[in-house]
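For reference, the chains in residue letters:
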Amino acid sequence: MKPYSWIKLSTNFFEDPKILRLKSYPESEFLFTFWIKLVLLSIRRADGLLMIDENIPYSLDDFKEMFPRQSDNTIKMALSVFEKLNMIVVQTTEYGETILGVSDFVGFVDVEGLEETRIGNRERQAKFRERQKLALAKASKKDNKTSETTDIEGDKNNALLTDGCGVTNGDLAVSNEKVTRQNRIDKIREEEKEKREENTSAPNDSKNESGSTHDTSREKTPPIDFDFSTGEFSNITEKYLQIWTKAYPAVDILMELRRMAAWLIANPKNRKSNYVRFITNWLTRAQDRPPPKYPGSSGHRMTFAEIKRKRTSDAIDRVVTEMNSEPQEDFHGTISI
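What counts, and where the lines are drawn
- Residues numbered from 1 in each chain as written.
- Predicted model: local features only at pLDDT ≥ 70, side-chain atom pairs only at ≥ 80, totals over all residues.
- Heavy atoms only, no water.
- Helix = DSSP H or I, 4+ residues; strand = E, 2+ residues; numbered from the N terminus.
- Buried < 20%, exposed > 50% of the residue type's maximum accessible area, 1.4 Å probe, protein only.
- Contact = heavy atoms within 4.5 Å.
- Areas by Shrake-Rupley, 256 points an atom, 1.4 Å probe, with all protein chains shown as cover.
- Salt bridge = Lys/Arg side-chain N within 4 Å of Asp/Glu carboxyl O.

A.B. asks: Talk me through the overall build of the protein chain; I want residue IDs and the actual numbers.
C.D. replies: The secondary structure content of the protein chain amounts to ten helices and four strands. Along the protein chain, helices and strands appear, N-terminal first, in the series α-α-α-α-β-β-α-α-β-β-α-α-α-α. Put simply, the protein chain has 337 residues, and 25% of those count as buried. Considering only contacts within the protein chain whose residues lie at least 6 apart along the sequence, 59% involve residues at least 24 apart. Accessible area for the protein chain stands at about 24500 Å²; split by element, carbon and sulfur atoms hold 51% of it.

A.B. asks: Tell me about the environment of Ala 286, residues and numbers included.
C.D. replies: Position of Ala 286 among the secondary structure elements: in helix 9 (residues 275–287). Through-space distance from the C-alpha of Ala 286 to that of Asp 252 is 9.2 Å; in sequence the pair is 34 residues apart.

A.B. asks: So what's going on with the pattern of salt bridges? Which residues, and what values?
C.D. replies: As enumerated under the stated definition, the model contains two salt bridges in all. The shortest N-O distance in the salt bridge between Glu 256 and Arg 259 comes to 2.9 Å. Here Glu 256 and its partner Arg 259 are both found in helix 8 (residues 253–266), three residues apart, which amounts to about one turn of the helix.

A.B. asks: Can you explain the side chain of Gln 70? Please cite residues and give values.
C.D. replies: Turning to its location among the elements, Gln 70 is positioned in the loop between helix 3 (60–66) and helix 4 (72–84). Residue Gln 70 is classed as buried on the basis of its relative accessible area, which comes to 17%. If we skip the residues at most four places from it in the chain, Gln 70 touches Glu 27, Phe 30, Lys 64 and Ile 75.

A.B. asks: Can you explain unusual backbone geometry? Please cite residues and give values.
C.D. replies: Notably, Glu 27 is not glycine yet its phi reads approximately 55°, a positive angle. Mapped onto the elements, Glu 27 comes out in the loop between helix 1 (17–22) and helix 2 (28–42). Overall, Glu 27 belongs to the partly exposed group, its relative accessible area being 30%. Its identity is not glycine, yet Asn 235 carries a phi of approximately 70°, on the positive side. Topologically, Asn 235 is positioned in the loop between strand 4 (232–234) and helix 7 (238–247). Of the residues examined, Asn 235 reaches a relative accessible area of 33% and is grouped as partly exposed.

Encoded structure:
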């Protein structure tokens with residue numbers, strides 16, 4: 001089989017059972033990207049192996065260069081997951097080098113069918129070009145006949161329309177062109193005049209009864225409210241979220257809003273007249289809570305982003321540890337492309 005420079009992504013990519021399994025692991029979005037990258041690298045060769053050239057296989061350092069933001073443990077976890085799901089095959093040469101190869105094109109169109117697709121595309125293109133040539137030839141013949149007929153009729157009309165003053169169709173066309181140009185000039189002048197009048201009257205329209213130029217057309221932002229029937233806040237705009245995120249960097253704003261909603265539902269008698277003040281006081285208390293304690297932490301107040309990265313890193317370490325502890329099967333299979 002020849003190497004390929006492209007491959008079709010299936011419309012059912014995210015419904016594939018193995019792709020759905022990838023969602024259950026940490027850094028699932030990176031796993032999707034990494035898998036697509038491996039497939040694209042493998043179809044460059046006829047044997048489907050992940051090789052830089054004929055003698056140098058891709059290594060962990062090479063993958064680290066492709067994804068500099070990912071840690072070594074994350075890349076090791078991804079390769080272990082792919083091998084566990086039989087998406088890749090790991091082979092060891094007699095010199096102790098590890099060679100990876102894609103064994104199952106999960107989420108992609110069958111590569112074996114690409115050659116048939118190429119042949120079909122070439123045949124369809126050839127038929128389309130042939131039909132295009134025939135259509136152009138017919139159109140060219142029709143245009144030639146129409147042009148000849150138009151020239152004959154034009155000469156007859158010029159002869160009939162010539163009067164004692166020598167006025168012809170050519171003279172009428174020049175006259176019509178001048179009238180049309182003058183109409184366009186008049187229209188442009190009228191549009192400019194209307195724009196000047198609008199600009200002149202705009203400041204007066206924005207004045208209120210007291211004579212000030214305050215813009216009264218701007219609508220006020222509706223106040224934040226809480227619907228006890230649905231258990232959700234309303235009128236929380238993106239501007240509010242940005243302000244709270246900057247003011248309380250150690251707080252998961254959306255999580256705290258859900259906690260507030262749960263508290264309000266549990267305490268329906270404590271309705272608030274000013275929910276902005278209620279939310280601000282709640283977030284201030286959440287910001288002042290003692291930070292979560294992690295082994296080896298320096299005790300400083302961790303931001304929400306740092307907490308999330310720490311939890312993700314711990315989850316990846318657990319997956320790698322579990323996979324390394326599983327008994328490895330002695331599997332030596334061939335790679336089918």
